[in-house]
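# Reading the structure
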Amino acid sequence: MSNRIFQFALLVREYDEAIAFYTEKLDFELLEDTPLSETKRWVRIRPRGDDHCGILLARAATDEQRAAVGNQTGGRVFLFMATDDLNRDYRNFLASGVRIVRPPSVEEFGKVFVFADLYGNLWDIIQHHPSHPV
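Keep in mind that what you see is a predicted model, and the values were worked out from it rather than measured.

Here we come to the overall build of the protein chain. Helix and strand counts for the protein chain come out as 3 helices and 8 strands. For the protein chain, the sequential pattern of α-helices and β-strands runs β-α-β-β-β-α-β-α-β-β-β. Taken over C-alpha atoms, the radius of gyration comes to 15 Å for the protein chain, in line with the 14 Å a tight globule of 134 residues would show. Projected onto its principal axes, the C-alpha positions of the protein chain cover 50 × 40 × 25 Å. The buried share of the protein chain, taken over its 134 residues, is 34%. When the accessible area of the protein chain is evaluated, it comes to approximately 8,300 Å², of which 51% is carbon and sulfur surface. If you average the places of the 16 positive and of the 20 negative side-chain charges in the protein chain, the two averages end up 1 Å apart.

On the secondary structure map, Glu29 appears in strand β2 (residues 28-35). Apart from the residues lying within four places of it in its own chain, the contact partners of Glu29 are Thr23, Arg44, Ile45, Arg46, Pro47, Arg48 and Gly49.

It is worth spelling out the packing of aromatic side chains at this point. According to the stated counting rule, one finds 10 aromatic pairs in the structure shown. Taken together, a centroid distance of 5.9 Å and an interplanar angle of 85 degrees make the contact between Phe93 and Phe113 edge-to-face. With a gap of 20 residues between them, Phe93 in helix α3 (residues 86-96) and Phe113 in strand β7 (residues 110-116) connect regions that are remote in the sequence. Accessibility assignment for this pair places Phe93 and Phe113 in one class, buried. Ring centres of Phe115 and Trp123 lie 5.5 Å apart, and the angle between their planes is 20 degrees; this geometry places the pair in the stacked category. Here the two residues Phe115 and Trp123 agree in accessibility, since each one is buried.

Another aspect to go through is the UniProt feature "domain: VOC" (unreviewed entry) in the protein chain. UniProt feature "domain: VOC" (unreviewed entry): in the numbering of this structure it lies at residues 4-128. Taken end to end, residues 4-128 is 22% helix and 45% strand, and its two terminal C-alpha atoms sit 21 Å from one another.

Per-residue pLDDT for the protein chain averages 95, and the proportion of residues at 70 or more is 99%. Confidence, read as mean pLDDT per element, is least for strand β5 (residues 77-82) in the protein chain (95) and greatest for helix α1 (residues 15-25) (98).

The next subject is α3. Among all positions of α3, only Leu86, Asp89, Tyr90 and Phe93 are buried. Along the axis of α3, the buried positions cluster into a sector of 100 degrees, meaning they face one direction only. Counted as exposed and oriented over 90 degrees from the buried face of α3: Arg91 and Ala95. If you follow the buried residues of α3, they end up packed against α1, β5, β6 (99-107), β7 and β8 (122-128).

Calculation notes
- Residues numbered from 1 in each chain as written.
- Predicted model: local features only at pLDDT ≥ 70, side-chain atom pairs only at ≥ 80, totals over all residues.
- Heavy atoms only, no water.
- Helix = DSSP H or I, 4+ residues; strand = E, 2+ residues; numbered from the N terminus.
- Rg over C-alpha atoms; globule rule 2.2 N^0.38 Å.
- Buried < 20%, exposed > 50% of the residue type's maximum accessible area, 1.4 Å probe, protein only.
- Areas by Shrake-Rupley, 256 points an atom, 1.4 Å probe, with all protein chains shown as cover.
- Lys, Arg positive; Asp, Glu negative; His and termini not counted.
- Charge placed at Lys NZ, Arg CZ, Asp CG, Glu CD.
- Contact = heavy atoms within 4.5 Å.
- Phe/Tyr/Trp six-rings, centres within 6.5 Å; stacked < 30°, edge-to-face > 60°.
- UniProt positions renumbered as here; feature names shortened; annotations may be inferred.
- pLDDT = per-residue confidence, 0-100.
- Arc of directions from axis to C-beta.

This is how it looks when you write it as structure tokens:
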């Protein structure tokens, strides 16, 4: 048996602002934007070069969901993204105005920095050391 995560939902306030942030500031790919009703869309994105796992941008529709936007993990790092060039991504994110929460550091597993998305969710971006694969 073989299982893998191929997609997960990320709560957002509004579709268009989230699409703009992820595609323009983080350079993600917009995979799909399909209207399902007057208020609901099926919006999928993913980091360029990742053909395994996508993100479903899910517009918060209830008070409970709206309260969780930007705090899906209670303030802890929510997502971990691997890169082949951390220095390039750090420079690009700075130039795009992405909020850096913790600047690059060298750890046992490789180099890492922490950034916040437009809602405040925290992400680690990691360039793994060759002797410490994912």
